[in-house]
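A look at the structure
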Amino acid sequence: MREYDSKAIEAKWQEVWEQSKMFATPDTVEGKENFYTLVEFPYPSGNLHVGHWYAFSIPDIFARYQRMNNKNVLFPIGFDAFGLPAENAAIKRGLNPREWTLSNMDVMRTQLRTMGSSFDWSREVVTCDPTYYRWTQWLFLKLFEKGLAYQKETPANWCPSCKTVLANEQVVAGHCERCDSIVEKRLMKQWNLKITDYAERLLNDLESLPWPEPIKEAQRNWIGRSEGAEIDFKIKDSDKALTIFTTRPDTLYGATYVVLAPEHALIAELATQASNTSEISAYVQATKNQTEIERIAEGREKTGVKLEGVMAINPANNEEIPVYVADYVLGSYGTGAVMAVPAHDERDWEFAKKFDLPIKYVVAPYFLDVTENSKTRPGVEVKNRVIGVGILKHWSENKYLMLDWKNGWTGFITGGVEEGESHPDTVVREIQEETGYRNVRFVKDLGGPNIADFYAPHKNLNQHVFGYGMYFELLDGEQDQVADEEKAKHDPVWIDEEGVLLFLEKGAPMGDARYSKLFWNRLKTGNYVWADEGKVINSEGFSELSTEDARKKITDSVGGRWVTRYKLRDWGISRQRYWGCPIPVVHCASCGPVAVPEIELPVVLPEIADYLPTGEGKSPLAKATEWVNVTCPKCGGAAQRETDTLDTFIDSSWYYLRYADAHNTDVFASLEKQKQWVPVDFYSGGAEHTTMHLLYSRFFNKALFDLGLVTESEPYVRRMNRGLILGPDGNKMSKSKGNVIDPDEIVRNLGADTVRIYLAFIGPYNEVGAYPWNPDGVVGARRFIERVWRLRDRITDEATSIELDTALHQTIKKVGESIDIFKFNTGVPALMTLLNVMEKSAVVSQEVYETMLRLLAPFAPHVSEELWYDLGHTTSIHLEQWPSFDVSKLTSGEVSIAVQVNGKVRGVLTCPQGTPEATVLALARGDQKIAPWVEKGSILRVVYIPDKVLNIVVGGD
RNA sequence: GCCGGGGUGGCGGAAUGGUAUACGCGCACGACUCAAAAUCGUGUCUCGCAAGGGAUGAGGGUUCGAGUCCCUCCCCCGGCACCA
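This section reports on the structure supplied with the text.

Basis of the calculations
Going along each chain's sequence as written, the residues are numbered from 1 onward. Written order determines the labels here, with chains lettered from A and ligands numbered from 1. Only residues with pLDDT of at least 70 get local features here, since the model is predicted, and only at 80 or more are side-chain atom pairs given and counted; chain-wide, interface and lining totals rely on the full set of residues. The side-chain figures draw on all heavy atoms in the structure; neither hydrogens nor water molecules are used. Note on aromatic contacts: the rings of Phe and Tyr and the six-membered ring of Trp form a pair at centre separations within 6.5 Å, being stacked when their planes are under 30 degrees apart, edge-to-face when over 60 apart, and tilted otherwise. Our definition puts a charge over a ring when NZ of Lys or CZ of Arg is within 6 Å of the ring centre and also within 35 degrees of the ring normal. Where helices are involved, their axes are fitted lines through C-alpha atoms of the stretch in contact, as for all axes, and angles between N-to-C directions lie from 0 to 180°. Counting from the N terminus, the helices are the DSSP runs of H or I reaching at least four residues and the strands are the DSSP runs of E reaching at least two. Angles below 35 degrees are treated as roughly parallel, those above 145 as roughly antiparallel, those between 65 and 115 as roughly perpendicular, and all remaining angles as oblique. In this scheme the handedness of a crossing depends on how the near helix is turned from the far one: anticlockwise by less than a right angle means left-handed, clockwise means right-handed. Residue contacts are counted whenever heavy atoms from the two residues lie within 4.5 Å of one another. Three categories are distinguished: nonpolar for Ala, Val, Leu, Ile, Met, Phe, Trp, Tyr, Cys and Pro, charged for Asp, Glu, Lys and Arg, and polar for the others, with Gly belonging to the last. Expected span, for any helix, means 1.5 Å times one less than how many residues it has. Salt bridges are defined as contacts in which a side-chain nitrogen from Lys or Arg sits within 4 Å of a carboxyl oxygen from Asp or Glu.

1. Thoughts on the packing of aromatic side chains
Scanning all chains against the criterion turns up 52 aromatic pairs. One aromatic cluster is present, built from ring pairs that chain together F35, Y54, F62, F682, Y765, F822, F824 and F859. Directly above the aromatic system of Y150 lies the positively charged group of K194, at a separation of 5.6 Å from the ring centroid. The aromatic ring of Y366 is capped on one face by K535, whose charged end is 4.7 Å from the ring centroid.

2. A closer look at the packing of helix α24 (residues 775-791) against helix α27 (residues 846-856)
The interhelical angle for the contact between α24 and α27, taken along N-to-C directions, is 150 degrees, at an axis separation of 11 Å. One way to sum up the angle between α24 and α27 is to call them roughly antiparallel. Relative to α27, the crossing made by α24 is left-handed. Contacts between α24 and α27 pair F784, V788, W789 and L791 from the former with Y849, M852, L853 and L856 from the latter. The residue makeup of the contact of α24 with α27, split by class, is eight nonpolar, no polar and no charged.

3. A word on helix α2 (residues 50-68)
Compared with the 27 Å implied by 1.5 Å per residue over 19 residues, the 27 Å span of α2 between its first and last C-alpha is a close match. One or two positions beyond α2, positive phi appears at N70, with a value near 65 degrees.

4. Focus on helix α25 (residues 802-820)
Helix length check: α25 (19 residues) gives 27 Å between terminal C-alpha atoms against 27 Å at 1.5 Å per residue, within 8%. Buried residues belonging to α25 abut α2, α26 (824-840) and α27. Once α25 finishes, F822 follows within two positions and takes phi at roughly 60 degrees, a positive value.

5. A short note on the pattern of salt bridges
The full count for this structure, using the stated rule, is 49 salt bridges. A salt bridge links E18 to R113; its shortest N-O distance comes to 2.9 Å. Of the two residues, E18 sits in helix α1 (residues 6-19) while R113 sits in helix α4 (residues 97-114), which places them 95 residues apart along the sequence. One network of salt bridges, in which partners are shared, links D27, D120, R123, D661 and K673.

Encoded structure:
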C-alpha cells in the first residue's frame, strides 16, 4: 500500500467536509437529541499556539463522539474580538484596530480548519461586528431600564500606561494584567452592574450545579458570604456613633480600640474633634495616593494614626477605648470600621504590638477529650482545677524536662494551684517536689487559661481544667532527694527540642496534649493569638459560654444587628478605550443619562484617526466630536454620547445565547431557538475564567432570566477547566525562554491527527494539570497512526480469534467511558493496546478493523476517513454510529485469580469465569507454589472476591 | 498567611479498597541491512545467583487486603492578597 501522507490526506478531507457542509448544525433533527458543546471562543491575537490546539481539538473529540452517539451536536466557534491588544497595535504600530482584528481572524480561521475540527462555521459569532454588538447594547439597555446598570463615582484602578481603568479582577498583585504597569487609584464616574444584588442566588444556585467541586468552591470564596454583627460604638463627648462590622461579636469584651479605614466618611468629622487634625489628614492623604504595590512593598508593616482625644465607648463594658485610622482596614468591605481584638486577631495583634495597645484575652482555647480512656464520663463528679504548666529548660543543654507517668501519661511539669498561691510559685513548688531541682528561674508567661475537660482515672473525677503556661530555666543541676511516693508515680526525663511534641502526643490525655502543645508553640513562635473558637472568658455573664453561643447573645445585649455581608463587589464595566462596544447612552444636562432609543441601535463605533487616550482618563472616542455631539432623545436639547466602551467580559457574557440563533435580526436569540439549545450541555475553558467570566456570565444570564429574556436560570450544565501545555523544558512557553512549540510546523511534518492523538494522550483533560510537550512523545503518536495504516493491508474475510474479539469489546467499552469523563489519556492507550493485539493476531477481519476505525474516528478524523473510504465505503465514517459492546464478550470465559496468603500475592490461577470459592481454594492448596505458604499455619479465614482475588488468612503456628 | 490541587519508574502518566508501575517515550540488546535510518523482536522499579525481600513524599491508624479511606507532618504547583 502507498505511504501514509498525512499532509495530502488531511488537506483532502478538510476540503471535502467543508464543501459538503458536513458539520453545519440544523436546529432540530428527527430522532436525535440536541447537544450543545461549547468552548470559550478565542481572542484573535493573530496566531494559533499549542494552547489553542489543546483548547479546541480535544473538545472536538468529544463533539464527534456525541455525534456518533446519535446526538444533533452544536459545536460553534467565533471570536471575542474587542479588546486591548488591537488598540495597542493601533497605538504602537499605527494600524487600524478593526483591520488588525479582521486579518488576524482570517489567519486563525485557516489555522482552526487545519485541526480537522468539526465546528459549525455557519453560526460564527464576532463580538466586534455591529450585528452582534447591536444586541450587546440592547441587553445593556434592558439592564439599565431594570436599574441594574448605574453610574457611580468610585476609586478605580488606573493604569498609567494603558491610560485606562481596570476592573479589580484585572489587577494582578498591583500590576496591570495586560501591560504589567503599576496600578494607581483614581476617582471616576463609571458604569457598574449590580452583581451584588445576585450574590445570594449566585451562591445558592451553585449547590445543584454538577460542576467540579473546586470550581464551585472558588466561586463561593469569591462571593465571600459571611454572617456577623453590626455594632454601634458611641463616641465620647459627642452625639456621634460609629458602626463596626464583625464576624466575632463573641470577642466584644476584648475590643481595646477601634479602627477606621482611611476612606471612612466619619473621619472628616471626628478629625475636627481630635487634637491632631493635620496628622490625620496627612495620613489619609498618604494612603489615598498610595498605589497597591506600595502597600505591598511596605512588607505588611502596620501603619496608622490615633485620633487624639477621640474615645469610643465599648458598649459591652462601657470602657473608653481609642480610635485609630489605619489602612489595614478596607473601606470597601463591611462598614469600613472594625473593633480591634488583639488577643484574637492576627492583624489587630500586630497593630497593638506596634502601638503598644492593651491586649485582653476573652476566649480560652477549649479542648474536650474524646479518646476512649480519658473522655469525660457521665454521672461522675466534675471538679474545677486551676493548674500551672511549666516548661523547664536544662541549664546547659537544649533539652526540656518532662514527666513520664507510670499510668502511661506524659507531659510537662504541672500542678494544681492552691489557695493564695501564684501560678509561678505553684510550678516552682511542683518542680521541687517532683524532680528535686532547686534553682529555677521564671522567664515568661505563656498565657492562659486554656480550658480542657477530661476524665482522670486515678482520681475518678471529671476534670474541668484551667491551664496557665509558664516558661522556666534551670540554673544548675543542684537536686534534692525526691520522696519515694513521688518516684512511684513518674520518672523525670530530659527530652531534646525536636522530641518534645512527639513525647507529648505519646501519652498525654488529648486535652492536655493540645493545650500543652499550644504553650510550647507560643514559646517557640511568640504567636499568642487565638483566632479560633473556644470558651468565652473575662466577659461578665457570658463567661464559660462557647464562642458560637455567645455571638448572638452578646450582639443582642448591646443592641447589635445580625447581618450578612459579601466580599463580592459590583461589576465596573466602563472602559476608557476605543476598541470596545460603545455604551448606548446619551448624557443630557437636564435629563441626565438617557438610553439611546432601540430603533437607533447599534450605536456604531466611529472610525477615528488617533487612538491615543486623551490622558485625562477619557476614551479616544471623546475626540470624535461629530459623533459625540447629539441631541437628547428625551428633550431634544444638546447632549453628548457616552464615550466609554464596555468591558469585553460583557461581550462574552451572552455569546452562548447568540450561537443558538446567530443570524436573527429581530431579537438577540429567539425563545424558540433558546429552548432548542440552552442551557449549554458542556462548557470547556480555562481555569483563569473560574471567577471572572464564569461568574459574570451566570449573573448576566440570571438578570436576563428575571427579565423573561432567557429560559434558563443557569447557562452551563457541565463545566470543565482544562490544563496547560508547557514547553519541553517544563516551563510555561514563552518567546523569551525559547521553548515555544509552533503547532503549524508540527502539523506540516507529522499531521493534525498526530497532534490530536498526542494531546489527548498527554494527561487527564478533566484535571487542571500542566503537561510538558515532549517532542519524542509526539513521534509515538505518529508511529501509532502509521501502524494502523499498515495494518490495513493485512485484513481478510476470515473469522477472528475469541481473544481478539474480547479485546475489541473491552476497547469499545473503555474508549467510550474515557471520552465520557474526559480522560482521553486512558482511551488512546486502550486503542493502542487493541492495535497490539490485532498485530499479533493471525487473522484480522475487516469487521474488526472497521470497528477499530470507528473508535479512532473522533481522535484522528482524517486518517480514519481515508481508510474508511479505502475499504470501499461511500459515505463518511463521521456519520457512522459509535460501536456498541456486547457484555458477554468482555471476557474470554477464563479469568486469572490472584491468590494471596495473608494479603501477599503468592500465585495466580487461571480458572473458568465464575469458579466457586471452594474450587479455587482447592486449586490453591494443590498449587505447588502457593501450598507451602498455606501450610505454614492453620487457615483462619478465606476472603474471596469472585474472579479476582482469593485471600487465605493463615494463623500462628 | 488564606483557599484550592497534587507528590507513583529516567520522563508523561495508569490503577470501582482487590495481581502497583497499563500505554507511550527514553534506554539496552537482537533481527533485517554492505552500512545507517525506518521497521520488527526481547528486556527495562529496586536489592538478590536464587528462593524471596523492599518500594506509590514521611510516620501512624482502619481493613483479610491501602497508591486509593482516616490522623499527624514534610514538600511542590496554582489562585487570592490585610474581607474584621
